[in-house]
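# A structural walkthrough
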Amino acid sequence: MSFKNKFIEQGYLGPVPVLNATEIDYYYQHVVAAEQELDLAHSDYRYKSNVLFPWVDQLSKHPTIVNVVRELIGDNFTCPDTIFWIKRPGENRDVSWHQDATYWNFTNPEKCCVVWYAFNDVTTSHGPLQYIPGTHTQQIKHNDIKNNTNLLMRGQTVDYFVDQSVEVTVPAGNIVVHHPYIIHGSSFNTTNESRLAVSFIYASTDCKPRIEHSRESAVLISGNDQYNFMQHD
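Residues numbered from 1 in each chain as written. Predicted model: local features only at pLDDT ≥ 70, side-chain atom pairs only at ≥ 80, totals over all residues. Heavy atoms only, no water.

## What about the overall build of the protein?
- Assigned secondary structure in the protein consists of four helices and 13 strands.
- Expected size for 233 residues packed as a compact globule is a radius of gyration near 17 Å; at 17 Å, the protein falls within 12% of this value.
- Across its three principal axes, the protein shows a C-alpha extent of roughly 50 × 40 × 40 Å.
- The buried share among the 233 residues of the protein stands at 53%. (Helix = DSSP H or I, 4+ residues; strand = E, 2+ residues; numbered from the N terminus. Rg over C-alpha atoms; globule rule 2.2 N^0.38 Å. Buried < 20%, exposed > 50% of the residue type's maximum accessible area, 1.4 Å probe, protein only.)

## Digging into the packing of aromatic side chains
- One pass over the full model with this rule turns up 12 aromatic pairs.
- Seen in terms of ring centroids, Y26 and Y27 are 4.9 Å apart; in terms of plane orientation they differ by 85°. Their pairing is edge-to-face.
- Centre to centre, the rings of Y227 and F229 are 5.4 Å apart; their planes meet at 20°, and the pair counts as stacked.
- Here the aromatic cluster, defined as three or more aromatic residues joined through ring pairs, consists of Y45, F53, W55, F84, Y117 and F119. (Phe/Tyr/Trp six-rings, centres within 6.5 Å; stacked < 30°, edge-to-face > 60°.)

## Details of the sheet that holds strand 13 (residues 231-232)
- A sheet is described by the order of its strands in space; here seven strands give the open sequence 1-9-4-11-2-12-13, paired in mixed fashion. Since the sheet does not close on itself, it has two edges, and those belong to strand 1 (12-17) and strand 13, each with one partner.
- With nine bridges joining them, strand 2 (residues 77-87) and strand 11 (residues 195-204) adopt antiparallel strand pairing. When the bridges of strand 11 are listed, D81 appears paired with I201.
- Helix 2 (residues 21-38) rests against strand 2, strand 4 (112-118) and strand 11 of the sheet, and its axis sits at about 105° to strand 11. (Pairing = 2+ DSSP bridges. Contact = heavy atoms within 4.5 Å. Axes fitted to C-alpha atoms, helices over the stretch in contact; angles between N-to-C directions.)

## What about the pattern of salt bridges?
- In the structure shown here, the tally under the stated rule is seven salt bridges.
- E91 is the salt-bridge partner of R88, the closest N and O atoms lying 3.8 Å from each other.
- Among the residues examined, R88 registers a relative accessible area of 19% and is labelled buried.
- Between D206 and K111 there is a salt bridge, with its nearest N and O atoms 2.7 Å apart. With D206 in the loop between strand 11 and strand 12 (217-222) and K111 in the loop between strand 3 (95-98) and strand 4, the pair connects residues that are 95 residues apart, well separated along the chain.
- On the basis of relative accessibility, which here comes to 16%, the residue D206 falls in the buried class.
- Sharing partners across several salt bridges, the network here consists of E35, D39, R88 and E91. (Salt bridge = Lys/Arg side-chain N within 4 Å of Asp/Glu carboxyl O.)

As structure tokens, then:
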């Protein structure tokens, strides 16, 4: 089954291997240094880091990642945002069940996807991604339920009874890709090491911001942008 067929059928795919051992170590050393020097997990550097760190920009443009995204959303796309998802040992951080597109400022969210990269092995004990396959066909109402453990800024939680989910463990150097509408979340990291991951949001260049208080910006990753709905970082 092709990447696209699997993505359309269940709303996510992976893990997909991307990096070799040397590359895995290179990016791991960079994220560990950023964590130690900048308190990455709790700082504003957690967001849109591809315009701040050359190594994050480089990873977002890795040929294997770009080729997977091309198959899913076409040749012309940008990266409007990146987010680090770091769960330190003993901090008891989780992510509530939600759909990403609920809080994105894009038209045509079905022409977007999220690529989630693991810097180190993410096992069952690290609080891996959990998906509810097949929930990517429609947007569902959310409520803001903020608490001290949720990594989501507003505690966005889908109004949906979760009775079955699939847990996806991800080896270091692999990615998981999911649809903006699929319901997903994750639980606590119960290991003695940090779970280190980053997500890249990719959007077709014809995705237009719904609301513009100030002009949105994005990094052009592939192809060309004939629309220029977003400023190019």
